[in-house]
Amino acid sequence: MEEKRPEWSSHISFIIATVGSAVGLGNIWRFPYIMGKNGGAIFLFTYLLLIAFICIIPLCCELGLGKIYKKDAINTFKTINPKYKWLGWLCIITVTLIPCFYFVVGGWILNYIWVFITGQLPDNFSLYFSSFSAQAFMPCFLTILFLIMTAIFPFRGINDGIEKANNLMMPLFAVMLFILAIFALTLPGAKEGLAFMFHPDFSRFDKTMVLTALGQALFTLSIGMGTILTYGSYMKENTKIVKSAYTLIICDTTIAILAGIMIFPIVFSFGVEPSAGAALAFISMPQMFSQFPLGVIFGLIFFALLFFASITSGISMMETTVAAFIDNFKLSRKKSTLLATVIIGLISIPASLSFGILSNFKIFDKTIFDLLDYSTSNIFLPFNTLLICLIAGWCIPNFWKKVFGESFFGGVFNILLKFIVPFVLICVLISGIY
Ligand code: PHE
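Let me begin by describing the structure that accompanies this report. (Residues numbered from 1 in each chain as written. Predicted model: local features only at pLDDT ≥ 70, side-chain atom pairs only at ≥ 80, totals over all residues. Heavy atoms only, no water.)

**Let's talk about the side chain of Ser332**
- Assignment of secondary structure puts Ser332 in the loop between helix H14 (295-329) and helix H15 (333-353).
- Classification of Ser332 by relative accessible area gives buried; the value is 16%.
- At a separation of 3.2 Å, a polar atom in the side chain of Ser332 contacts the main-chain amide nitrogen of Lys335. (Helix = DSSP H or I, 4+ residues; strand = E, 2+ residues; numbered from the N terminus. Buried < 20%, exposed > 50% of the residue type's maximum accessible area, 1.4 Å probe, protein only. Polar contact = N/O pair within 3.5 Å; in protein donor to acceptor, adjacent residues only side chain to side chain.)

**Description of H14**
- Here H14 is 35 residues long and its end C-alpha atoms lie 50 Å apart, about the 51 Å a rise of 1.5 Å per residue gives.
- Among the 35 residues that make up H14, 30 are buried, leaving the element largely enclosed by the rest of the structure.
- Lys330, located one to two residues past H14, shows a positive phi value of around 55°. (Expected span 1.5 Å × (residues − 1).)

**Observations regarding the site of the ligand**
- The full set close to the ligand counts 15 residues, and Ala22, Gly26, Tyr102, Phe219 and Thr220 are the nearest of them.
- Within the backbone of Ala22, a nitrogen or oxygen atom sits 3.0 Å from an oxygen atom of the ligand.
- Interatomic distance of 3.0 Å between a backbone N/O atom of Thr220 and a nitrogen atom of the ligand.
- The fraction of the free accessible surface of the ligand (320 Å²) that becomes covered by protein chains is 100%.
- Given that more than half its atoms are within 2 Å of the pocket grid, the ligand belongs to the largest cavity.
- Looking at the shell around the ligand, the elements with two or more residues in it are helix H1 (11-22), helix H2 (25-37), helix H10 (207-220) and H14.
- The class makeup of the residues in the shell around the ligand is six nonpolar, nine polar and no charged. (Near = heavy atom within 4 Å. Areas by Shrake-Rupley, 256 points an atom, 1.4 Å probe, with all protein chains shown as cover. 1 Å grid on protein atoms, 1.4 Å probe; cavity = no way out; pocket = protein on both sides within 12 Å on 5 of 7 lines; lining within 4 Å. Sits in = over half its atoms within 2 Å of the grid points. Nonpolar A, V, L, I, M, F, W, Y, C, P; charged D, E, K, R; others polar.)

**A closer look at the layout of surface pockets**
- Each pocket or cavity is described by its volume, and for the largest pocket that value is around 740 Å³.
- As for the largest pocket, its lining consists of 27 residues, and the residues nearest its centre are Arg30, Ile34, Thr212, Tyr374 and Asn378.
- Looking at the lining of the largest pocket residue by residue, the class counts come to 14 nonpolar, eight polar and five charged. (Points joined across faces, edges and corners; volume = space filled by probe spheres on them.)

**Structural notes on the packing of helix H7 (residues 137-156) against helix H8 (residues 158-185)**
- The contact between H7 and H8 brings their axes to 5 Å, and the two run at 125°. Compared by their axis directions, H7 and H8 come out oblique. Taking contact as the criterion, the partners of Phe153, Pro154 and Arg156 in H7 are, on H8, Asp160, Gly161, Ile162, Ala165 and Met169.
- Among the residues forming the contact of H7 with H8, the class breakdown is five nonpolar, one polar and two charged. (Axes fitted to C-alpha atoms, helices over the stretch in contact; angles between N-to-C directions. Parallel < 35°, antiparallel > 145°, perpendicular 65-115°, else oblique. Contact = heavy atoms within 4.5 Å.)

**Quick word on the packing of aromatic side chains**
- Inspection of every chain in the model, using the stated rule, returns 43 aromatic pairs.
- Summarising the aromatic geometry, the rings of Trp89 and Phe329 are spaced 6.1 Å apart at their centres and angled 35° between planes, so their arrangement reads as tilted. Placement of Trp89 in helix H5 (residues 85-118) and of Phe329 in helix H14 is noted, with a sequence separation of 240 residues between them.
- On the basis of relative accessible area, Phe329 is assigned to the partly exposed category, the value being 38%.
- When the ring of Phe404 is compared with that of Phe413, the centres are 5.1 Å apart and the planes differ by 85°; the resulting orientation is edge-to-face.
- By relative accessible area, Phe404 is classed as buried at 10%.
- Its guanidinium or amino end placed over the ring of Phe219, Arg30 lies 4.6 Å from that ring's centre, counting from NZ or CZ.
- Cation over ring: Lys418 sits above Trp394, and NZ or CZ is 5.2 Å from the ring centre. (Phe/Tyr/Trp six-rings, centres within 6.5 Å; stacked < 30°, edge-to-face > 60°. Lys NZ or Arg CZ within 6 Å of the ring centre and 35° of its normal.)

**So, a nonpolar patch on the surface**
- A grouping of Leu390, Trp394, Ile415, Phe419 and Ile420 is seen on the molecular surface, where their side chains present a nonpolar patch of about 480 Å² in accessible area.
- Secondary structure elements with two or more residues in the nonpolar patch: helix H16 (368-395) and helix H18 (408-433).
- Counting residues per element, the nonpolar patch draws most heavily on H18, which supplies three residues. (Patch = residues over 30% accessible without salt bridge, like charges linked within 9 Å, V, L, I, M, F, W, Y side chains within 5 Å. Salt bridge = Lys/Arg side-chain N within 4 Å of Asp/Glu carboxyl O.)

**Notes on helix H9 (residues 190-198)**
- Among all positions in H9, only Ala190, Gly193, Phe196 and Met197 are buried. Projection of H9 onto a plane perpendicular to its axis shows the buried side chains occupying an angular sector of 130°, all on one side.
- Buried residues along H9 sit against H2, helix H3 (41-69), H8 and helix H12 (241-269). (Arc of directions from axis to C-beta.)

Geometric values such as these leave the question of function open.
Put into structure tokens, the structure is as follows:
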């Protein structure tokens, strides 16, 4: 059954929804720890340059493709040229694989929310986390619960589901982030934390750091899998692409920096290694929250923050898949959502089990969870983004004029699109594979 293509009810809803997609675990969980591992301030500056001059291009391309063609990812590329339909499929495969590991983390977040609500905090979060994530039943159950909570919104549609969820959750998210950042700034380690973030150590500048920064930038902006394209396809006719793209980048980056301002003062106040890695959010942070009287409340706010960030991103991932199923299998929205839920559920269970009974099952020396994370972020994202830029730059006549405008800046953006961004992406891909 064909359904009429929906539209965002206002420009601001469109911006909130794209910010909701972009702001996720990538900002709150991944960005601070990657920054911690890559030398702090020098990473931040490189990241800012890359995001402002390189990532802006594919972001505008996806928004432009969505706005011009008003279709899901697969049909967009098919309309440009039937030969390119497979790129649409590649985007859909990527965006369907990401929630399969992302929602496992969503399940952990649900568990930690419960732990902080009941106030029954373990003494040692390191032991607690490894024994909890290795269990078979509970993490799988919570992953599926998180999946169902997310699926409700695409199931209900753009205006009644996705828009409402974002309009409610994103402001709550912003308030909580402010509260935690202000609290962190009152701690004794605030000065050291801020110095770590904003005082560059140039000796840490190297190729790997640049490539890591670019990979992170693509992931956090949800580029390279048709998500921004799909959200762009519901855009109103008079929405300005470059302006929307910069608004999105500014919001996403501000939130990532605020997340750092929240995390590093806490980290330095409690003497934790800033490069503790993925464990920062699930071991170091809760351990610190458990050490002071009001910590339970701040811990709860921290995990609620992670919850809102991850569910609004999860919604956008599922919507990309659902939109593709609606348009290509001619299914209703409800049936498409059910189909997407079943597929993601089936793959996310082994991903969750890869911390326990499947921990020795490895492909290319990686567990299922790590393989999903690594292949999507380091290979599929840059690869898809590269092809999207090449197609937009070289195969659609006058695409740059429609998207960037014919001004001097439009011309500069066109050169970036045709030559510079593809070159940079090829470098990332080669380094990602080796
Ligand atoms: N941008 C999201 C984050 O930072 C992740 C994401 C990837 C969202 C793909 C949508 C699609 O966590």
